[in-house]
Each structure stands twice: as structure tokens, then as C-alpha cells.
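Topology and contacts: notes
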Amino acid sequence: AYFEFAFWSGLRSGELISLTWADVDLRQGYVRVRRTLSKGFLKHTKTASVRDVLLNDRSRAGLLRAHALTHEYGGCIFLSPRTGKPFETEKSPRCVFTQALKKLGIRHRSQYHTRHTYATLLLMAGANPAFVAAQLGHSVTMTLTVYSKWISGKSDAAEMAKLSAFVPNLTQDAPK
């Protein structure tokens, strides 16, 4: 549940482990990211702003799986499977992620790559960079700086077609 939600929500690891059921609105389809757990302390998010992250089918599925496991306890959505208590640091989920990669024969990556995966999937699917930035809690400039290489590619011809559609006689008026 934890990693499905991580891959399909784009939350930072500290935001994931500090998320509570009070932050979830399944009817409206979002989670409200208000805080992060860093080095054992609850703090404001990295940007010190609250953001609403929209749920897609996969992030909702991860939450529903977690709901069956932890909702009756209230409080944090993701609890340590070893202790049944909220995570105190990001270390435990990070270790599980590292072990899973090793068993799958995938080279080491940080758990932060779950966030990068979500961002690149959105951009490759054609999502507006401003929307992606808002979901991640980034500025548009930061989003474009980090992820711009995932925007171009197969869709380049379609992007140029937008200009031709906007200015219909573009090729006819070109100098010879």
C-alpha cells in the first residue's frame, strides 16, 4: 500500500509517513499535504505550504489497501508493519525499498525515485507542467528544470501542429 501510493502520488517520503487519515478526502479525491517528518520531527513541508494532491485510480487503490490495515487506529495512514506504530524516521521504508530493488535485480535507487517516477509519468502522458508542479509542491521553473527532458520526444510533432493550427496559413506565408 505504501509503495503503490508513493509511486502514484508523488509525495516526498517524509510527507508519506506523516500523512494522517484526517488529511484524506476520498469523496473529493485528494489528500492534503500539510507536514513532513524529518529526522524524527514533524515540520512544515519543504516549501512551507499546504497542497492538495489529487488521487488517481492507483493512488486511491493504495490508500484503500492501507485503509483496511490502519484506518481503525486513526492517526497515520502508514504504520510500521514490524511495530504497528507510526514511522519515526524515513529509514524503515527506505530499507524495505532497497531490499525490494535488490531482490528484483534492479540497480540501487533512492526511494525519492518514486516521486520522480510519478512526475515523469505525468509529463510523458502530456500533463500540463503547471499542474505537475502544483501536485509536487514545486515551482513551474523547478519542474521544468528537473523534468524537461521528459516533455519532448514523441509529442514534438504534435506540439508543432498546435502552432500550425493556431496560425493556419503559417506555411503558405513563409518567404520563398
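It should be noted that the structure appears before, not after, this text.
Residues numbered from 1 in each chain as written. Predicted model: local features only at pLDDT ≥ 70, side-chain atom pairs only at ≥ 80, totals over all residues. Heavy atoms only, no water.

Let us now look at the overall build of the protein chain. When helices and strands are counted, the protein chain shows eight helices and five strands. Taken from the N to the C terminus, the helices and strands of the protein chain come in the order α-α-β-β-β-β-β-α-α-α-α-α-α. By the compact-globule yardstick of 16 Å for 176 residues, the protein chain is too spread out, its C-alpha radius of gyration being 20 Å. Looking at charge distribution, the protein chain has the averaged site of its 25 positive side-chain charges lying 8 Å from that of its 12 negative ones. (Helix = DSSP H or I, 4+ residues; strand = E, 2+ residues; numbered from the N terminus. Rg over C-alpha atoms; globule rule 2.2 N^0.38 Å. Lys, Arg positive; Asp, Glu negative; His and termini not counted. Charge placed at Lys NZ, Arg CZ, Asp CG, Glu CD.)

To continue, consider helix α6 (residues 129-136). In an α-helix, one full turn covers 3.6 residues, which means residues spaced three or four apart are oriented alike. Regarding α6, the residues found buried are V132, A133, Q135 and L136. The buried residues of α6 occupy an angular sector of 165 degrees when projected down its axis, which confines them to one face. Packed against the buried residues of α6 are β5 (51-54), α5 (113-124) and α7 (140-147). After α6 finishes, the residue G137 shows a positive phi value of roughly 80 degrees. (Buried < 20%, exposed > 50% of the residue type's maximum accessible area, 1.4 Å probe, protein only. Arc of directions from axis to C-beta. Contact = heavy atoms within 4.5 Å.)

Another point: the pattern of salt bridges. Opposite charge on two side chains permits pairing when their charged atoms draw close. With the rule as written, the count across this model stands at seven salt bridges. Ionic pairing is found between E15 and R12, a salt bridge with its closest N-O pair at 2.8 Å. The exposure class assigned to E15 is buried, which follows from its relative accessible area of 1%. Measuring nitrogen to oxygen at the nearest pair gives 2.7 Å for the salt bridge that ties R35 to D23. Residue R35 is found in strand β3 (residues 35-38), and its partner D23 is found in the loop between α2 (13-18) and β1 (24-25); the two are separated by twelve residues along the sequence. D23 shares its class with R35; the two are buried. Through salt bridges that share partners, E4, R58 and R65 make up one connected network. (Salt bridge = Lys/Arg side-chain N within 4 Å of Asp/Glu carboxyl O.)

Our focus in this paragraph is the packing of aromatic side chains. What the rule picks out here adds up to six aromatic pairs. Plain terms: the ring middles of F5 and F78 are 5.8 Å apart, the flat faces sit at 40 degrees to each other, and that makes the pair tilted. Remark: F78 occurs in the loop between α3 (57-70) and α4 (91-104) and F5 occurs in helix α1 (residues 2-9); sequence separation between them is 73 residues. Residue F5 shares its accessibility class with F78, and that shared class is buried. Aromatic rings pair up to connect Y2, F3, F5, F7, F78, F87 and F97 into one cluster. (Phe/Tyr/Trp six-rings, centres within 6.5 Å; stacked < 30°, edge-to-face > 60°.)

The grouping of M160, L163, F166 and V167 at the surface amounts to a nonpolar patch, some 430 Å² of accessible area in total. With a relative accessible area of 32%, V167 lands in the partly exposed category. (Patch = residues over 30% accessible without salt bridge, like charges linked within 9 Å, V, L, I, M, F, W, Y side chains within 5 Å. Areas by Shrake-Rupley, 256 points an atom, 1.4 Å probe, with all protein chains shown as cover.)

A word on the nonpolar core. By size, the foremost hydrophobic cluster in this structure holds 19 residues, and its most contacted members are F5, L11, L16, V31, L63, I77 and F78. Of all the elements in the fold, those that place two or more residues in this core are α1, α2, β2 (30-33) and α3. At three residues, the largest contribution of residues to this core is made by α1. Not counting residues up to four positions away in its chain, the partners in contact with L63 are F5, W21, V24, L26, V31, L55 and I77. One finds A119, L122, L123 and Y147 within the second-largest nonpolar core, a separate group that totals eight residues. (Core = buried A, V, L, I, M, F, W, Y, C linked by side-chain atoms within 4.5 Å.)

Another aspect to go through is the side chain of T20. Within the secondary structure, T20 sits in the loop between α2 and β1. In this structure T20 touches R35, G75, C76 and I77, once residues within four positions along its chain are discounted.

It is worth spelling out the side chain of E4 at this point. Topologically, E4 is positioned in helix α1. What makes E4 buried here is its relative accessible area of 16%. Of note is the side chain of E4, whose polar atom sits 3.1 Å from the side chain of R58. Beyond its immediate chain neighbours, meaning those up to four positions away, E4 contacts R58, A61, G62 and R65. (Polar contact = N/O pair within 3.5 Å; in protein donor to acceptor, adjacent residues only side chain to side chain.)

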